[in-house]
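Each chain is listed here by its residues.
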Amino acid sequence: MGLGRIEVITKPGSEKWNGELVARFEDESLNSRNPYSSNRPPFQVRSFEGNLGGTLKKDRISFFLDAERKATDNNALVNAQILDANLNTILFQKAFLTPSLGIEVHPRFDLKLSDNNSLAIRFGYERDRQLNGGLGGFDLPTRAFDAIDTERYIRLTDTAVINTKVLNELRIQYMIAGTKQKASSNIPTLIVNDAFTSGGANTGDTTTQDTRFELTNNTSFLFNKHLVKAGVFFRRVSVSSRSPSNFAGTFTFSSIDQYRNTLLNLPGAFPTQFSIAGGNPVADISVVDYAGYVQDDWKLKPSVFTLS
């Protein structure tokens, strides 16, 4: 109540070329060593981002590009208790490099199809990669896994001014997003409470792909004191997943002493718990949904209120 709304539709091809570039760099030169780590691992951030836009054909076609690349050499601290070759308890305190790389590219084209009709085309590509994920705390180096996330899409937006009282907007999107995880080791996981966790990451080779198509159309009609809006929506989503989590099994010990006694084959010494998963790790599902609406904004009096 009491608020207004203004929609501005810009014309393609009317801007001059312009852009910018931003770079960032930092490393561990001024960083102190973590007091709980026996080493000072390298740390570095290298990022570049920029954009460029302008007209490809005056008053007809314009172009805009936004891109970013960020590489980070981060680290994770492992602070655990383990057994040496003589089964004596020793501290394991060390930092490990966990580098990541992210890339984003988003180009866009705006086309003037006619004086009253414009089309915007957007593309997108995103990719993030993480190495040595899962490390830190009690998790030893064998628990590491690599992960990759990707996303690709295309989006179309058609805006048409039919006449002075009718406006139509059509939006279409097609997107594919996926994740992949690959463990450095597929051996069973070993959990020793309050001491360490070793063995494989137990995620297995996990993959997920999400494919979706969406269509939305909205039309606005202006009739004297009435603003009528009508629209339809359609969406189809398909998800394919492979997740062999804990297929290698997990042994759990209540303490490091219980783990040592088990290695020595002492009577009554064995893991507190063992768990393992099985079956078909692949799942596929598809969902389709759609909807429609009609809305009438009726302004009874300019100074009173609007009824919807």
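For the structure, see preceding data.
All residue numbers refer to position in the chain's written sequence, counted from 1. Side-chain atom pairs in this predicted model are given and counted only at pLDDT of 80 or more, local residue features only at pLDDT of at least 70, and totals for whole chains, interfaces and linings cover all residues. Note that the side-chain values use all heavy atoms of the structure and ignore hydrogens as well as water.

Student: I'm lost on the overall build of the protein in this one. Help?
Tutor: A tally of helices and strands in the protein yields one helix and 15 strands. Computed over its C-alpha atoms, the radius of gyration of the protein comes to 29 Å, more than 25% above the 19 Å expected for a compact globule of 308 residues. Taking the principal axes of its C-alpha atoms as reference, the protein extends roughly 90 × 45 × 40 Å. For each residue, the accessible area found with a 1.4 Å probe, counting protein chains only, is set against the maximum for its type, and the residue is called buried under 20%, exposed over 50%, and partly exposed in between. Residues classed as buried in the protein amount to 31% of the 308 residues present. At a minimum sequence separation of 6, the contacts of the protein that also span at least 24 residues come to 65%. When the accessible surface of the protein is totalled, it reaches about 19,200 Å², and 56% of it is carbon and sulfur. Elements are defined by DSSP. Helices are runs of H or I of four residues or more, strands are runs of E of two residues or more, and each kind is numbered from the N terminus. The globule rule is 2.2 Å times the number of residues to the power 0.38, and the radius of gyration it is compared with is taken over C-alpha atoms. Should any heavy atoms of two residues lie within 4.5 Å, those residues are counted as being in contact. We get accessible surface area from the Shrake-Rupley algorithm with a probe of 1.4 Å; when it comes to residues, only the shown protein chains can shield them.

Student: Just to check I follow, could you spell out the environment of Phe 221 for this structure?
Tutor: Here Phe 221 lies in strand E10 (residues 206-223). Spatially, the C-alpha atoms of Phe 221 and Phe 251 are 66 Å apart, while their sequence positions differ by 30 residues. Residues in contact with Phe 221, not counting those within four places in the same chain, are Lys 165, Val 166, His 226, Leu 227 and Val 228.

Student: Looking at this model, I keep getting lost on the nonpolar core. Mind explaining?
Tutor: If you look at soluble globular proteins, the nonpolar side chains tend to sit buried side by side. Within this scheme, the nonpolar core is defined by two criteria: the residues are buried Ala, Val, Leu, Ile, Met, Phe, Trp, Tyr or Cys, and they are joined through side-chain atoms within 4.5 Å. Core analysis: the biggest nonpolar cluster contains 16 residues, and Leu 140, Val 192, Phe 196 and Tyr 259 have the highest contact counts within it. Counting residues per element, this core draws most heavily on strand E3 (residues 61-83), which supplies five residues.

Student: Honestly, the packing of aromatic side chains in this entry has me stumped. Any pointers?
Tutor: When the centres of two rings from Phe, Tyr and Trp lie within 6.5 Å, Trp using its six-membered ring, the rings pair. Their planes under 30 degrees apart give stacked, over 60 give edge-to-face, and anything left gives tilted. Applying the stated criterion to the full structure yields seven aromatic pairs. A centroid spacing of 6.3 Å and a plane angle of 15° characterise the contact between Phe 92 and Phe 96, whose relative ring orientation is stacked. Since its relative accessible area comes to 22%, Phe 92 is described here as partly exposed. Put simply, the rings of Phe 196, Phe 253 and Tyr 259 touch in pairs and so form one group of aromatic residues. A cation over an aromatic ring shows up here: Arg 155 above the ring of Tyr 153, its NZ or CZ 3.9 Å from the ring centre. Distance and angle both matter: a charge sits over a ring if NZ of Lys or CZ of Arg is within 6 Å of the ring centre and within 35 degrees of the ring normal.

Student: Teacher, can you tell me more about unusual backbone geometry here?
Tutor: If a residue is not glycine, its phi is most likely negative; likewise, a peptide bond is most likely trans. A positive phi angle, close to 65°, is found at Leu 87, a residue other than glycine. In this structure, Leu 87 sits in the loop between E3 and strand E4 (89-114). Judged by relative accessible area, which is 22%, Leu 87 ranks as partly exposed. Of note in this structure, Asp 194 is not a glycine but carries a positive phi near 65°. Inspection of the secondary structure assignment puts Asp 194 in the loop between strand E8 (189-192) and strand E9 (196-199). You can call Asp 194 exposed: its relative accessible area is 62%.

Student: Help me understand the environment of Ala 269, please; the structure alone is not making it clear to me.
Tutor: By the secondary structure assignment, Ala 269 is in the loop between helix H1 (256-263) and strand E13 (273-275). Ala 269 sits 12 residues away from Asp 257 along the chain, and the two C-alpha atoms are 9.7 Å apart. Each residue touching Ala 269, except ones within four places of it in the same chain, is listed here: Asn 261 and Thr 262.

Student: How should the sheet that holds E8 be read in this particular structure?
Tutor: Two strands in a sheet stick together by hydrogen bonds in their backbones, pointing the same way (parallel) or opposite ways (antiparallel). Two strands are said to pair when DSSP picks up at least two bridges between them. Strand order across the open sheet formed by four strands is E9-E8-E12-E13, with mixed pairing between neighbours. For this open sheet the edge positions go to E9 and E13, each flanked by a neighbour on one side alone. In this sheet, neighbouring strand axes are inclined to one another by 15° on average, regardless of whether the strands run parallel or antiparallel. By the bridge criterion, four bridges tie E8 to strand E12 (residues 250-253) in an arrangement that is parallel. The axes used here are C-alpha line fits, helices contributing only the stretch in contact, and every angle between their N-to-C directions lies in the interval 0 to 180 degrees.

Student: What exactly am I supposed to notice about the side chain of His 106 here?
Tutor: Position of His 106 relative to the elements: it lies in strand E4. Any pair of N or O atoms that falls within 3.5 Å is considered a polar contact. Within protein, one atom must be able to donate a hydrogen and the other to accept it, and sequence-neighbouring residues count only if both atoms are side-chain atoms. Here Tyr 153 takes part through its side chain, which lies 2.9 Å from a polar atom of the side chain of His 106. Among all residues touching His 106, those that are not within four sequence positions of it are Phe 64, Leu 65, Asp 66, Phe 123, Gly 124, Glu 126 and Tyr 153.

Student: I would appreciate a short explanation of the environment of Gln 81 in the present structure.
Tutor: Here Gln 81 shows up in strand E3. Between the C-alpha atoms of Gln 81 and Val 192, which are 111 residues apart in sequence, the distance is 9.4 Å. Every residue in contact with Gln 81, bar those within four places of it in the chain, is listed here: Thr 89, Ile 90, Leu 91, Asp 194, Ala 195, Phe 196 and Ile 256.

Student: Looking at this structure, how should I read H1?
Tutor: In an α-helix, one turn spans 3.6 residues, which is why side chains three or four residues apart end up on the same side. Among the residues of H1, Ile 256, Gln 258, Tyr 259, Arg 260 and Thr 262 are the ones counted as buried. Turning to H1, the residues buried within the fold contact E3, E4, E8, E9 and E12. Downstream of H1 by a residue or two, Asn 265 has a phi angle that is positive, lying close to 60°.

Student: Can you walk me through the pattern of salt bridges in this structure?
Tutor: When their charged atoms lie close together, side chains carrying opposite charge are able to pair. Any Lys or Arg side-chain nitrogen located within 4 Å of an Asp or Glu carboxyl oxygen qualifies as a salt bridge. All told, the structure shown has 11 salt bridges when counted by the stated rule. For Arg 24, the salt bridge is made with Glu 26, and the minimal N-O distance between the two is 2.4 Å. Judged by its relative accessible area of 41%, Arg 24 is partly exposed. Classification of Glu 26 as partly exposed rests on a relative accessible area of 29%. Where Glu 214 meets Arg 212, a salt bridge forms, and the shortest distance between an N and an O atom there is 3.6 Å. The exposure classification of Glu 214 matches that of Arg 212, with both residues buried. Each of the salt bridges in this network shares a partner with another, and the network as a whole consists of Asp 210, Arg 212 and Glu 214.

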